Amino acid sequence: MMPPSFSRYIALIMMAILPAVGFAGEETSVPVDTVSEKKPNLITRIIDYFGEANKEHPDKKIDFTFLGGPSYSASTSVQLAVIAAGLYKSRRDSVTPQSNLSVFAQGSITGMYRVGIFGNHFAPDDKFRINYHVDFANFPLKFWGIGYDMESQKCNESAYTELQSVLWADFQWRLHENLYLGPSVDFNYGKATKVDNPELWEGQDLRMFNYGVGIVFSYDTRDLPTNASRGWNVTFKQKFFPAFIGNDYSFSSSELTVGWYKQFWKTGVMAFQFHGHSTYGDTPWTMLPTLDASHAIRGYYEGRYRDKNEADFVVELRQHVWRRNGIVVWGGVGTVFDALKDVTMNRLLPSYGIGYRWEFKKKVNVRVDAGFGKHSMAFAFGLHETF
């Protein structure tokens, strides 16, 4: 999946494609007689490039396609984004799943920049898997404090700029059939600058280094992890951030994801997901679970709602419409809380909306979602499905 990272951006990116057609891998034609063939113009080349983008190319070791252009968000203003998405197989057979790799870069006139790489690698015969994400960013954000009571008050909205570096990777070996188990590593650096109201951080350091290790267990029967039409995904992650490996704030976290996918009719898929994330100990503000951490809850400002615990549930209909075009509609609910007793009906945060899907590459969708929440509305843009 795409990093978190890509939410909040309206996908004007697809409306102004960069001329990356030089990477299309076109065949060279030999002129007939002495008359030179007329070369297609730029617009024709762009149309041909993206017209071929979703076709499989078994002759290529890795099939890359490039997409880029301008977009806009309230926090970063006008920006330019470029992404290269690649598909490959470590062994070309019917057993080994297709691996994916995405490289992205973004920049805006407000000084925001972001570069990163993420993907899922599947070894031959699916003997082991590696999921990874690396992200470096500097961007203007807003902060409402910690806990639902603070974050639900619009008057607490405060501007700041965050410098962020994220690196995490999961290594999972197949134990039996669809069961996987392995270690996980996590590095997170966050620094808040240009802070309007530092009291909202409740005395925590504005500069944080966090180092974590853990274990990941999963049961996965999905036909395609990044765009499933059937199967189950049950993943449990337990991570530790102890003081003896350099953490100023010692804590641990448990995260559970349960997803089910079913193709109820030929062109429609229903997707269900429950996600819960809890932390224990002295959790720093950069590592608190957020409402949108699962990417399934849309319609809220990224990172606005954060606390020591988070839970959400979403149901989504994914409907193919015509050729490479599709739509989704979803509904769900989530919340953040310090203790389970704090969860009440008036603290539940609904999420619903509609989205457009365009098949950028084979089984790889560009998504544009308009989400609505409690006194809130937001756009989301990215590659792959949200869950």
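Above this note sits the structure.
Description of the structure in this document. Computed from a predicted model, the values in this text were never measured in an experiment.

## Observations regarding the overall build of the chain
Of regular secondary structure, the chain possesses two helices and 16 strands. A burial count over the chain gives 52% of its 387 residues as buried. The contacts in the chain between residues at least 6 apart in sequence include a share of 58% that link residues at least 24 apart. When the accessible area of the chain is evaluated, it comes to approximately 18500 Å², of which 62% is carbon and sulfur surface.

## Re the nonpolar core
By size, the foremost hydrophobic cluster in this structure holds 16 residues, and its most contacted members are Phe143, Tyr160, Trp201 and Trp285. For this core, the element with the most residues is strand 5 (residues 128-143), which contributes four residues. Setting aside its immediate chain neighbours within four residues, Trp201 contacts Phe143, Tyr160, Ala192, Val195, Leu206 and Trp285. The next biggest cluster of nonpolar side chains, apart from the first, holds 15 residues, and it includes Tyr148, Ala271, Tyr300 and Trp330.

## Structural notes on the pattern of salt bridges
Counted by the stated rule, this structure contains 20 salt bridges. Linking Lys237 and Asp170 is a salt bridge whose minimum nitrogen-to-oxygen distance equals 3.1 Å. Placement of the pair is Lys237 in strand 9 (residues 231-241) and Asp170 in strand 6 (residues 158-176), with a sequence separation of 67 residues. Side by side, Lys237 and Asp170 carry an identical accessibility label, which is buried. Where salt bridges share partners, they join Arg298, Glu316, Arg318, Arg357, Asp369 and Glu385 into one cluster.

## Comments concerning the pairing of strand 10 (residues 251-265)
As paired elements, strand 9 and strand 10 share 11 bridges and run antiparallel to each other. Along strand 10, the bridge assignment pairs Phe240 with Ser252.

## Observations regarding the packing of aromatic side chains
Overall, the coordinates contain 23 aromatic pairs when judged by the stated rule. For the ring pair Tyr189 and Phe209, a centre distance of 4.5 Å and an interplane angle of 40° mean the geometry is tilted. One end of the pair, Tyr189, is in strand 7 (residues 179-193); the other, Phe209, is in strand 8 (residues 207-220), with 20 residues separating them in the sequence. Consider the rings of Phe209 and Tyr211, whose centres lie 6.4 Å apart with planes at 5°: the pair is stacked. Assessed through its relative accessible area of 31%, Phe209 is described here as partly exposed.

## Some points on a nonpolar patch on the surface
Judged by side-chain polarity, Leu175, Leu181, Ile215, Phe217, Tyr219, Trp232, Phe236, Leu256, Phe274, Phe313 and Val333 come together as a nonpolar surface patch covering roughly 900 Å² of accessible area. Those elements giving two or more residues to the nonpolar patch turn out to be strand 8 and strand 9. Considering each element in turn, the nonpolar patch owes the most residues, three residues, to strand 8. Relative to the helices and strands, Phe236 resides in strand 9.

## So, the pairing of strand 15 (residues 364-373)
Counting buried positions along strand 15 gives nine out of 10 residues, so the element sits mostly inside the fold. Taken together, the nine bridges between strand 14 (residues 349-361) and strand 15 define a ladder with antiparallel strand orientation. The partner of Trp358 across the bridge, within strand 15, is Val366. Between strand 14 and strand 15, which pair antiparallel one after the other, the connecting turn spans two residues, and Lys363 there sits at a positive phi close to 65°. Summarising the sheet, strand 15 and strand 16 (residues 376-383) pair through eight bridges and their orientation is antiparallel. Bridging across to strand 16, Phe372 finds its partner in Met377. The turn joining strand 15 and strand 16, which pair antiparallel and follow one another in sequence, is formed by two residues; a positive phi near 55° is taken by His375.

## Regarding unusual backbone geometry
Here the phi dihedral of Asp126 falls at roughly 55°; this positive angle occurs in a residue that is not glycine. Note that Asp126 resides in the loop between strand 4 (113-122) and strand 5. According to the relative accessible area criterion, Asp126 is buried, its value standing at 7%. If you check the backbone angles, Glu202 has positive phi at about 55° while not being a glycine.

## Digging into the environment of Thr193
Secondary-structure assignment places Thr193 in strand 7. The exposure class of Thr193 is partly exposed, given its relative accessible area of 28%. Through-space distance from the C-alpha of Thr193 to that of Thr161 is 5.1 Å; in sequence the pair is 32 residues apart. Once you skip the residues sitting within four places of it in the chain, Thr193 turns out to touch Tyr160 and Thr161.

Rules of the game
- Residues numbered from 1 in each chain as written.
- Predicted model: local features only at pLDDT ≥ 70, side-chain atom pairs only at ≥ 80, totals over all residues.
- Heavy atoms only, no water.
- Helix = DSSP H or I, 4+ residues; strand = E, 2+ residues; numbered from the N terminus.
- Buried < 20%, exposed > 50% of the residue type's maximum accessible area, 1.4 Å probe, protein only.
- Contact = heavy atoms within 4.5 Å.
- Areas by Shrake-Rupley, 256 points an atom, 1.4 Å probe, with all protein chains shown as cover.
- Core = buried A, V, L, I, M, F, W, Y, C linked by side-chain atoms within 4.5 Å.
- Salt bridge = Lys/Arg side-chain N within 4 Å of Asp/Glu carboxyl O.
- Pairing = 2+ DSSP bridges.
- Phe/Tyr/Trp six-rings, centres within 6.5 Å; stacked < 30°, edge-to-face > 60°.
- Patch = residues over 30% accessible without salt bridge, like charges linked within 9 Å, V, L, I, M, F, W, Y side chains within 5 Å.

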